[in-house]
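Analysis of the macromolecular model
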Amino acid sequence: MEERTAGTGPDGGSRTGRNLPAAIAVGVGLGALVLGTLYTIKELFLLVIVVCVGVGVLELTKAFATRGIKVPAVPVLAGLVAMQAGAYWGGPFWLLGAFAVFAFVLLVWRMFSDGTDGYVRDGTASVFTLFYPAMLAAFAALLLAPHDGRDRVLIFIAVTVASDIGGYVAGVLFGRHKMTVISPKKTWEGFAGSVIACTLVGGWLVTWLLDGPLWLGALIGALAALLATVGDLIESMIKRDLGIKDLGSILPGHGGLMDRLDSLVTTLVPVWLLLTLFL
């Protein structure tokens with residue numbers, strides 16, 4: 001999620017056009033859905049991931065289509081399901097194998113669907129979509145699979161949310177120095193707020209929920225802040241390249257689901273890797 005500057009406008013919206021009350025309500029609703037499925041039946045949480053990331057995939061394919069780039073949604077969605085199932089029930093090698101198989105399927109699919117013109121362009125965009133967000137999201141299934149997987153997923157979500165909240169608050173209160181022209185609303189002060197919030201939340205939850213070392217939680221938090229910001233910038237680059245403001249509008253106050261998933265999918269891999277290596 002992009003960091004916002006201070007100020008409110010009519011109807012509860014900020015000067016940037018964001019409806020903050022709606023954004024908070026949607027965030028609370030999504031949080032309730034995630035926790036409700038995560039701490040009841042694990043497989044229901046996997047279903048939530050598949051549905052949310054599937055909508056994100058459709059948003060990306062629609063966005064690519066505005067520039068004449070053809071990404072076939074059906075094989076990408078099939079690959080999404082296969083990678084989630086493979087990761088959860090089989091592990092990393094099944095995830096990698098499913099990705100390789102469906103990347104090949106996408107290249108063959110395009111070969112027989114629309115002639116030779118634009119094959120490299122469309123094939124590249126298709127494999128890109130299979131990777132981002134579909135494959136990256138499958139690391140949530142890897143996080144979930146162990147006996148303490150629910151707590152590992154909660155830590156991952158909490159540090160990513162802390163990045164958004166810490167960056168927003170610090171950006172509103174102290175934001176003065178712009179980070180990059182890619183996302184003009186991001187400031188170094190906001191980034192510092194993200195790092196502080198993530199480090200505190202990560203250190204607290206890893207020691208409390210997993211009985212892990214404080215340094216590990218702090219490291220996870222710091223990396224989450226960095227990579228959540230990178231995820232935001234990647235999506236900003238995609239939108240700027242395609243000439244669109246948002247990838248969707250399904251979530252009031254947030255935009256599309258990809259506007260929520262951007263920082264989550266880029267944070268997943270290091271959180272899974274660190275928890276796997278040191279716990």
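Just above sits the structure.
Residues numbered from 1 in each chain as written. Predicted model: local features only at pLDDT ≥ 70, side-chain atom pairs only at ≥ 80, totals over all residues. Heavy atoms only, no water.

Residues Phe45, Met83, Leu95 and Leu143 are the most contacted members of the largest nonpolar core, which totals 58 residues. Looking at which element gives the most residues to this core, the answer is helix α2 (residues 42–65), with 9 residues. Those residues in contact with Phe45 that sit more than four places away from it in its chain are Val34, Thr37, Leu38, Leu144, Val153 and Ile157. (Core = buried A, V, L, I, M, F, W, Y, C linked by side-chain atoms within 4.5 Å. Buried < 20%, exposed > 50% of the residue type's maximum accessible area, 1.4 Å probe, protein only. Helix = DSSP H or I, 4+ residues; strand = E, 2+ residues; numbered from the N terminus. Contact = heavy atoms within 4.5 Å.)

On to a nonpolar patch on the surface, then. On the surface, Val161, Ile165, Val169, Leu173 and Phe174 cluster together into a nonpolar patch covering about 470 Å² of accessible area. Relative to the assigned elements, Val161 resides in helix α7 (residues 149–174). (Patch = residues over 30% accessible without salt bridge, like charges linked within 9 Å, V, L, I, M, F, W, Y side chains within 5 Å. Areas by Shrake-Rupley, 256 points an atom, 1.4 Å probe, with all protein chains shown as cover. Salt bridge = Lys/Arg side-chain N within 4 Å of Asp/Glu carboxyl O.)

Moving on, we get to the pattern of salt bridges. Counted under the stated rule, the structure contains 6 salt bridges. Between Asp232 and Lys186 there is a salt bridge whose closest N-O contact spans 3.1 Å. With Asp232 in helix α9 (residues 214–242) and Lys186 in the loop between α7 and α8 (188–209), this residue pair connects regions lying 46 residues apart in the sequence. Lys186 gets classed as buried once you look at its relative accessible area, which sits at 5%.

Looking now at helix α5 (residues 119–137). Between its first and last C-alpha atoms α5 spans 26 Å; for 19 residues at 1.5 Å apiece the expected length is 27 Å, and the two agree. What α5 keeps buried is the set Asp122, Gly123, Ala125, Ser126, Thr129, Leu130, Tyr132, Pro133, Ala134, Met135, Leu136 and Ala137. For α5, the elements touching its buried residues are α2, α3 (73–89), α4 (92–111), α6 (139–144), α9 and α10 (258–278). (Expected span 1.5 Å × (residues − 1).)

Taking 1.5 Å of rise per residue, 20 residues should cover 28 Å, and α4 covers 29 Å from first to last C-alpha, within 8% of that figure. Against α3, α5 and α6 lie the buried residues of α4.

Our next topic: the packing of α3 against α4. Two elements in contact, α3 and α4, have axes separated by 8 Å at closest approach and are oriented at 170°. Put simply, α3 runs roughly antiparallel to α4. Together, Val74, Pro75, Val76, Ala78, Gly79, Ala82, Met83, Gly86 and Ala87 of α3 and Trp94, Leu95, Ala98, Phe99, Phe102, Val105, Leu106 and Trp109 of α4 make up the contact between the two elements. When the residues that make up the contact of α3 with α4 are grouped by side-chain class, the tally is 15 nonpolar, 2 polar and no charged. (Axes fitted to C-alpha atoms, helices over the stretch in contact; angles between N-to-C directions. Parallel < 35°, antiparallel > 145°, perpendicular 65-115°, else oblique. Nonpolar A, V, L, I, M, F, W, Y, C, P; charged D, E, K, R; others polar.)

Take the packing of α2 against α5 next. The N-to-C vectors of α2 and α5 enclose an angle of 155°; their axes lie 10 Å apart at closest approach. Comparing their axes, α5 and α2 come out roughly antiparallel. The hand of the α2/α5 crossing is right-handed. Taking contact as the criterion, the partners of Ile49, Val53, Val57, Leu60 and Phe64 in α2 are, on α5, Ala125, Phe128, Thr129, Tyr132, Pro133, Ala134 and Ala137. Per-class residue counts for the contact of α2 with α5 are 11 nonpolar, 1 polar and no charged. (Left-handed = near helix turned anticlockwise from the far one by under 90°.)

A separate point is the environment of Val71. By the secondary structure assignment, Val71 is in the loop between α2 and α3. With relative accessibility at 11%, the residue Val71 sits in the buried group. In this structure Val71 touches Thr61, Phe64, Val76, Ala125, Ser126 and Thr129, once residues within four positions along its chain are discounted.

This part covers the packing of aromatic side chains. The final tally for this structure, using the stated rule, is 8 aromatic pairs. Judged by centre distance (6.1 Å) and plane angle (85°), the rings of Trp188 and Phe191 are edge-to-face. Placement of the pair is Trp188 and Phe191 together in helix α8, with a separation of 3 residues, close to one helical turn. Using a relative accessible area of 17% as the deciding quantity, one classes Phe191 as buried. Seen from their ring centres, Trp215 and Phe278 are 5.2 Å apart, and the 80° between their planes marks the pair as edge-to-face. A residue pair is termed long-range when its members are at least 10 positions apart, and Trp215 in helix α9 and Phe278 in helix α10 qualify at 63 residues. Residue class for Trp215 comes out partly exposed when judged on its relative accessible area of 46%. Judged by relative accessible area, Phe278 falls into the partly exposed class, the value being 42%. Among the aromatic residues, ring-to-ring pairing joins Phe64, Phe128 and Tyr132 into one connected group. (Phe/Tyr/Trp six-rings, centres within 6.5 Å; stacked < 30°, edge-to-face > 60°.)

Structurally, Thr129 is set in helix α5. Judged by relative accessible area, Thr129 falls into the buried class, the value being 0%. Of the polar contacts made by the side chain of Thr129, one reaches the backbone oxygen of Ala125; its length is 2.8 Å. Excluding its chain neighbours within four sequence positions, the residues that come into contact with Thr129 are Val57, Leu60, Phe64, Val71, Val76 and Ala134. (Polar contact = N/O pair within 3.5 Å; in protein donor to acceptor, adjacent residues only side chain to side chain.)

Everything listed here is a matter of coordinates, which is why it stays silent on function.
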